[in-house]
Every structure is written in C-alpha cells, then in structure tokens.
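Structural overview
Single-letter residue listing:
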Amino acid sequence: MEFIDPELLAYCESHTSEEDTLLKKIVRETQAKVLMPRMISGHLQGKILELFVKMLRPKTILEIGTYTGYSGICMARGLAEGGKLITLDINDELETMVRGFFEESGLASQIDYRLGNALDIIPNLEGPFDLVFIDADKFNYSSYYDLVIDKMPSGSIILADNVLWSGKVLPEGRKKLDKDTEAILEFNRKVHQDSRVENSILPIRDGILMARKL
C-alpha cells in the first residue's frame, strides 16, 4: 500500500505530531481484533485529514466508510463550532467498538454514526456537505460521487482514499483488470473529466484524490 521508501515514510511519521492515547488505542485494538487492519487511516494520513479539516473549518462533513473510527475522530476534531460529522458504515459488527471510541473522544455529540448501505442512506440526507471523505467499497466510488456532488456548495471538497490502489492503476502494476481496479480507474477518470470540479491526486499512502467544487 505504501508508495515511498519505508525509511522516508518513517521519517515523515517521526516528524508528524504524535498520535494521542486514544488514537494509539484505536490502532492497537484494530490490529488485534479486526480483519484487514491496514484499512485504518493511521498516523500520517489521520493527521493530514485533521489538519486539512482544521484549515477548512467545515460545518458538515460526510464520511462514507467509518471502519473503526480513526479518520472520523481526526476529522471531527477540526469541525467548526456547532459542526457535525455524519459517518456511514455497513459493518454492524464493529458498532460497539466504534461507539466506544467516539465516546472516549469527547466528540460523540458531534458525530452522527449511521449503519446501513450508504447508497440507500445518502439520498435521504439533506446536506449541504462542506467536506465528503469517501473510503468505502471501491466498486461504488462513482455512485457515491454522483449522490453527493449536487448536495455540495461551491468551494466544498471531496476526498477519496485508495485511488492509487497499490499501484494497480498503472498497467505495469496489474496482471489483470479486476472489478475494484476497474472501478477506481473509472472513478479517477470521471472526476478528472468533470467540469464541475478542479482536482488533484496526492501520493499519500494509497493515494488521496482531492476535488474542489467550482
């Protein structure tokens, strides 16, 4: 998943503000109790999300893909006063763990954690969303984008994780075109060709796409 030399990554992390006790706990418990723990945002990406949100000071964030709550807590820390994070996930087996982390964060009153299929939930959310973070099943990235873009005002931001897909976006990085890779390639093309946004891909961890609505 990493795209830079491990020593350079370690240097970046050692020069990034340290994780607090709660974030370290989330990492430990995710690694010990949850399948595919590498899906967690982690130290470097989590701090980048937190700082980015602190710069934007959004009133409403929509997160598609809660996982164990690491990225949600990082982003909720940067909300404007009275702001809200709506975070969606389909895995109800993690609910008790995640709600516990949100309570420990002291931000539970600002976090609206909803379980279910995001494709069904998003159409019933009013918006507007100042920031949307997409980090769920790759097959539906384009569908999530279509569902949120008209609920976002000018100047709002969409972030999407894993858009480099472990290098599989490059021909030499894949042996065959699986459905998830195909979906990521289509999503990256879709956003890049959308005249409603300006965009860039940041080579952080597994790649973060950033799109600003015009």
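Above this text is the structure in question.
Here the structure is a predicted model, which means the values were calculated and not measured.

**What to know about the overall build of the protein chain**
When helices and strands are counted, the protein chain shows eight helices and seven strands. The principal-axis extent of the C-alpha atoms belonging to the protein chain is close to 45 × 45 × 35 Å. For the protein chain, the accessible area works out to roughly 10,800 Å², and carbon and sulfur atoms hold 53% of it. The average position of the 26 basic charges and that of the 34 acidic charges among the side chains of the protein chain differ by 1 Å.

**Side note on the packing of helix α2 (residues 21-33) against helix α5 (residues 95-105)**
α5 packs onto α2 with a crossing angle of 170° between their chain directions and a minimal axis gap of 11 Å. Classified by the interaxial angle, the pair formed by α2 and α5 is roughly antiparallel. On α5, the residues that touch Leu22, Lys25, Ile26, Glu29 and Lys33 of α2 are Met97, Phe101, Glu104 and Ser105. For the contact of α2 with α5, the per-class residue count stands at four nonpolar, one polar and four charged.

**Side note on the pairing of strand β6 (residues 197-202)**
Across six bridges, β6 lies against strand β7 (residues 208-213) in antiparallel orientation. If you follow Leu202 over to β7, its bridge partner there is Ile208. Counting the residues that bridge the hairpin from β6 to β7 gives five residues, and of these Arg205 lies at a positive phi of roughly 50°.

**Quick notes on the sheet that holds strand β3 (residues 111-115)**
Hydrogen bonds between backbone atoms are what pair the strands of a sheet, whose relative direction is either parallel or antiparallel. Overall, mixed pairing links the seven strands, which are arranged β3-β2-β1-β4-β5-β7-β6 in an open sheet. Looking at the sheet topology across the chains shown, the edges are occupied by β3 and β6. The sheet shows a mean angle of 15° between the axes of neighbouring strands, direction not considered. Note: strand β1 (residues 60-64) against strand β4 (residues 131-134), four bridges, orientation parallel. Looking at β4, one finds that Ile61 is bridged to Leu131. Sheet contacts for α5: β2 (84-89) and β3; angle to β3, the most-contacted strand, approximately 175°.

**Comments concerning the environment of Trp165**
Position of Trp165 relative to the elements: it lies in the loop between β5 (157-161) and α8 (179-192). For the pair formed by Trp165 and Asp206, sequence separation is 41 residues and the distance between their alpha carbons is 6.0 Å. Residues within four places of Trp165 in sequence aside, it is in contact with Lys138, Asp178, Asp180, Thr181, Ile184 and Asp206. One polar contact links Trp165 to Thr181, side chain to side chain, over a distance of 3.3 Å.

The rules we used
Residues numbered from 1 in each chain as written. Predicted model: local features only at pLDDT ≥ 70, side-chain atom pairs only at ≥ 80, totals over all residues. Heavy atoms only, no water. Helix = DSSP H or I, 4+ residues; strand = E, 2+ residues; numbered from the N terminus. Areas by Shrake-Rupley, 256 points an atom, 1.4 Å probe, with all protein chains shown as cover. Lys, Arg positive; Asp, Glu negative; His and termini not counted. Charge placed at Lys NZ, Arg CZ, Asp CG, Glu CD. Axes fitted to C-alpha atoms, helices over the stretch in contact; angles between N-to-C directions. Parallel < 35°, antiparallel > 145°, perpendicular 65-115°, else oblique. Contact = heavy atoms within 4.5 Å. Nonpolar A, V, L, I, M, F, W, Y, C, P; charged D, E, K, R; others polar. Pairing = 2+ DSSP bridges. Polar contact = N/O pair within 3.5 Å; in protein donor to acceptor, adjacent residues only side chain to side chain.

Taken by themselves, the reported measurements are silent on function.
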